[in-house]
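A structural walkthrough
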Amino acid sequence: NDDLGARSTVSRRLGRGGALKLNTVFWGAFLDNSAFFTAGHANVSTGAGSALGLAGLAVADVMFRLLTDPDGNLMGITPKILLVPTALRVTSVNLMNSTTVVATTTANSPLPDQNSAFAGMFTPVSTPYLQDSTLTGYSTAAWYLLADPNDVPVIEVAFLNGVEMPTVESADA
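Parameters at a glance
Residues numbered from 1 in each chain as written. Predicted model: local features only at pLDDT ≥ 70, side-chain atom pairs only at ≥ 80, totals over all residues. Heavy atoms only, no water. Pairing = 2+ DSSP bridges. Helix = DSSP H or I, 4+ residues; strand = E, 2+ residues; numbered from the N terminus. Axes fitted to C-alpha atoms, helices over the stretch in contact; angles between N-to-C directions. Buried < 20%, exposed > 50% of the residue type's maximum accessible area, 1.4 Å probe, protein only. Core = buried A, V, L, I, M, F, W, Y, C linked by side-chain atoms within 4.5 Å. Contact = heavy atoms within 4.5 Å. Patch = residues over 30% accessible without salt bridge, like charges linked within 9 Å, V, L, I, M, F, W, Y side chains within 5 Å. Areas by Shrake-Rupley, 256 points an atom, 1.4 Å probe, with all protein chains shown as cover. Salt bridge = Lys/Arg side-chain N within 4 Å of Asp/Glu carboxyl O.

Let us now look at the sheet that holds strand β1 (residues 79–85). Strand order in this open sheet of 3 strands is β4-β1-β5, and the pairing throughout is mixed. At either end of the open sheet lies a strand with only one pairing partner, and these are β4 (123–127) and β5 (144–147). Along the sheet, successive strands turn relative to each other by an average axial angle of 35°, direction set aside. In this structure, β1 lies alongside β5, joined through 4 bridges in antiparallel fashion. Counterpart to L82 in the pairing with β5 is L145.

Take a look at the structure:
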């Protein structure tokens, strides 16, 4: 008699474990990107100008729009998603929702307000997996511009026989 639902709890926990393992494998492959995100592919920006902000977005946007395929042809794709670790979630949302940029000089005198060129341009998406210290390549500061996955996915996942959900079977004793 399982009137407390103990056996059904086990099935749910096994299913959740399968989903978590899929996330770990996916993000592990995404973050182990030393051969994909490289200067040779012209798809990575490093150094002081690469921090998530208006200047970093401007550099990344230009780099993204100038990406070429293996034959050297322009890919002709535009960035759609701003993927960030949880530590940069608020910054990314603020950058995408702010319509005005308030600039100051080094003497801290206000300059005229300007319209933000990036307001609403990308969809901010955050995931804690980007900063998961158990995964190779994790970072609290690295962020990514990605194309619409329906256009050019950065990574794809395939399932055996198209079965995307774990199968948990049980039988009465």
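So, next bit.
Looking now at the pairing of β1. The element β1 is extensively covered by neighbouring structure, given that 6 of its 7 residues are classed as buried. When β1 meets β4, the two strands line up parallel, connected through 5 bridges. Pairing of P85 across the sheet is with T127, part of β4.

This next bit is on the nonpolar core. Core analysis: the largest hydrophobic core is formed by 16 residues, its most contacted members being L52, L57, L82, M96, F122, W143 and L145. Secondary structure elements with two or more residues in this core: α2 (54–65), β1, α3 (89–97) and β5. Beyond its immediate sequence surroundings of up to four residues, W143 is in contact with S50, A51, L52, G56, L57, A60, L82, L83, V84 and L88. The next biggest cluster of nonpolar side chains, apart from the first, holds 11 residues, and it includes F30, L31, I81 and L130.

Residues V10, L14 and V168 make up a contiguous nonpolar surface patch of roughly 250 Å² in combined accessible area. Locating V168 in the fold gives a position in the segment after β5. Residue V168 is classed as partly exposed on the basis of its relative accessible area, which comes to 34%.

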